[in-house]
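Residue-level structure breakdown
Chain by chain, the residues run as shown.
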Amino acid sequence: MMSDVLELSIADLADQVKSGTLSARAVTEAALARIERTQDLNAFLHVSKDASLAAADAVDAKRQRGEALGKLAGVPIAIKDALCTMDAPTTCASKILTRVGEGNAGGTDPTRGFRPPYDATVVARLRAADAILIGKVNMDEFAMGSSGENSAFGPSRNPWDKSRTAGGSSSGSAVSVAAGLALGALGSDTGGSIRQPAALCGVVGVKPSYGRVSRYGLIAFASSLDQVGPFARDVKSAARLLEVISGADPMDSTSADLPVGEYEAACSKDVKGLRIGIPEEYFGEGLDPAIAESVRSAIAELEKAGCTVKPVSLPHTKYGIATYYVVATAEASSNLARFDGVRFGLRIENVKSDLTSLYGKTRNAGFGAEVKRRILLGTYVLSAGYYDAYYKKAQRVRTLIKRDFDAAFESVDAIAVPTSPIPAFRFGEKVESPLAMYLADVFTLPASLAGIAGLSVPCRPTPATASQPALPVGLQLLGPSFAEERLFSLAAEVERRMGGVQRPPA
Ligand code: GLN
């Protein structure tokens, strides 16, 4: 009974809280109890027990006073730990942002992490809409990874099969929504970190166009690629979340000064006549046949709904991974220079007087292996003598990838492809080989490099076999920059035709 409220859509729950048939406190208590019972999923790094109950009471009091409540009244939302929150630690799942000021060799307790002096803009917007920020969720350290296994605090588990990863880097965001611990979550997507875990956990994940959502208060990984976006179990709930967090922000000069679309209303719009492009480059070698089949049948459903389907070509797709791992690591090496033991988080004390060894020892103790690999790679591609060969060349190829999309969108309204070439994989399957892990992002990176809009919506799960249970599959819909409304219309159509929200086995 208790958990029933956590099965509602965001709009239904907010309506009930607004009308007083449900108290925000009861909802929050139900979410906290469920989080407590599912600790084995390792979705949360910090549960904001007291703060969320206090926020819930404030929402209920506001209603009793007769004041109007916001669009997310009483809705429990989980926040990726890369987003700054004043009332909860913010660690980016890294030891370097944990145990502030204790001057030891680094802790493993994320609840003692760095406390930012301000809220990210998206966090402030959620609060202003009367959402309940239930806690901070797990991720790959500094958002670098595709499985959650790079978290300094252990990986999140996939609720569809706990021996498998949840994808990444926004692993905890996807898991908290899939397991019904929150009705929505925020994540960040630099090269697929919202879409891929959403696909692997059977939920909806939206990577907005670059500039659609403010990045202020998102701990930077690769600033020219990073975007914050929502997770939810159904398309309409994700649309409502995006409406709340979108829009220009004076604190982020890259946020676009364009009106926010009516994303929620777009979910009920007819898709008849929309032209869908299918790039053959996304349906070749390396694609799991069960995923290909599921995605093709979702596309066939769109055709039945009156869309026209036609082939398009994105010939530079094959350079996506190489380009991304030059651009993203270059930006990361520069962004992560600020974690030096002087201003933020961890500091290794008792270092012999000189500053260089303070930096070196702190960074060596604080960063995990993948983060170090990226910093080294990024520093290398930016170094004198190599800059032209790597970084400059990568920027040029990035332009070609963008032009592929521009050309395709001259003849189609959206592009439909798989989100991930494979379903959720087992722990340890890819961690030994960074390259195998990087290949998991082959279908999500190009849209990030082009800065366009994208989302992942569940389609038919893979059939259960002797060696593998049924696992979720994501259909990735891509559209031109700021065409999010169109993607919501298409995703909602797919969802309706697939029979609605999918649930992991109990
Ligand atoms: N998996 C990709 C990476 O490791 C993308 C991560 C992301 O989008 N933050 O860089």
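Residues numbered from 1 in each chain as written. Predicted model: local features only at pLDDT ≥ 70, side-chain atom pairs only at ≥ 80, totals over all residues. Heavy atoms only, no water.

Now for the site of the ligand. Of all residues adjacent to the ligand, which total 15 residues, the nearest are Thr190, Gly191, Ser193, Tyr324 and Arg374. Contacts to the ligand include aspartate 441, whose side-chain N or O atom sits 2.8 Å from a nitrogen atom. Taken by itself the ligand offers 290 Å² of open surface, and the protein chains cover 100% of this. By residue class, the composition of the shell around the ligand is 5 nonpolar, 7 polar and 3 charged. (Near = heavy atom within 4 Å. Polar contact = N/O pair within 3.5 Å; in protein donor to acceptor, adjacent residues only side chain to side chain. Areas by Shrake-Rupley, 256 points an atom, 1.4 Å probe, with all protein chains shown as cover. Nonpolar A, V, L, I, M, F, W, Y, C, P; charged D, E, K, R; others polar.)

Attention now goes to unusual backbone geometry. A cis amide bond, omega 10°, links glycine 168 with the succeeding residue serine 169. One can find serine 169 in the loop between β3 (132-137) and α5 (171-178). Positioned with a positive phi, phenylalanine 142 is a non-glycine residue whose angle comes to about 50°. One can find phenylalanine 142 in the loop between β3 and α5. Phi at alanine 143 is positive, roughly 70°, even though this residue is not glycine. (Helix = DSSP H or I, 4+ residues; strand = E, 2+ residues; numbered from the N terminus.)

Attention now goes to the packing of helix α1 (residues 10-19) against helix α7 (residues 235-245). Between two packed helices, the angle of one axis relative to the other and the distance separating the axes together describe the packing. The N-to-C vectors of α1 and α7 enclose an angle of 70°; their axes lie 8 Å apart at closest approach. With respect to α7, the element α1 is oriented roughly perpendicular. When α1 is examined against α7, the residues Ile10, Ala11 and Ala14 are found in contact with a partner set consisting of Ser237, Arg240 and Leu241. Here the contact of α1 with α7 is composed, by residue class, of 4 nonpolar, 1 polar and 1 charged. (Axes fitted to C-alpha atoms, helices over the stretch in contact; angles between N-to-C directions. Parallel < 35°, antiparallel > 145°, perpendicular 65-115°, else oblique. Contact = heavy atoms within 4.5 Å.)

Here we take up the confidence of the model for the protein. When pLDDT is averaged along the protein, the result is 95; 97% of the residues meet or exceed 70. Low confidence marks residues 100-107, where pLDDT is under 50. Its contacts with residues over four positions away, or in another chain, come to 18 contacts. (pLDDT = per-residue confidence, 0-100.)

Attention shifts here to the pattern of salt bridges. Evaluated as defined, the whole model comprises 26 salt bridges. Between lysine 402 and aspartate 406 there is a salt bridge, with the nearest N and O atoms lying 3.1 Å from each other. Of the two residues, lysine 402 and aspartate 406 are both situated in helix α13 (residues 388-408); the distance of 4 residues between them amounts to about one turn of the helix. With its nearest N and O atoms 2.8 Å apart, the salt bridge here joins arginine 497 to glutamate 493. With a gap of 4 residues between them, arginine 497 and glutamate 493 both fall in helix α16 (residues 484-497), about one helical turn apart. (Salt bridge = Lys/Arg side-chain N within 4 Å of Asp/Glu carboxyl O.)

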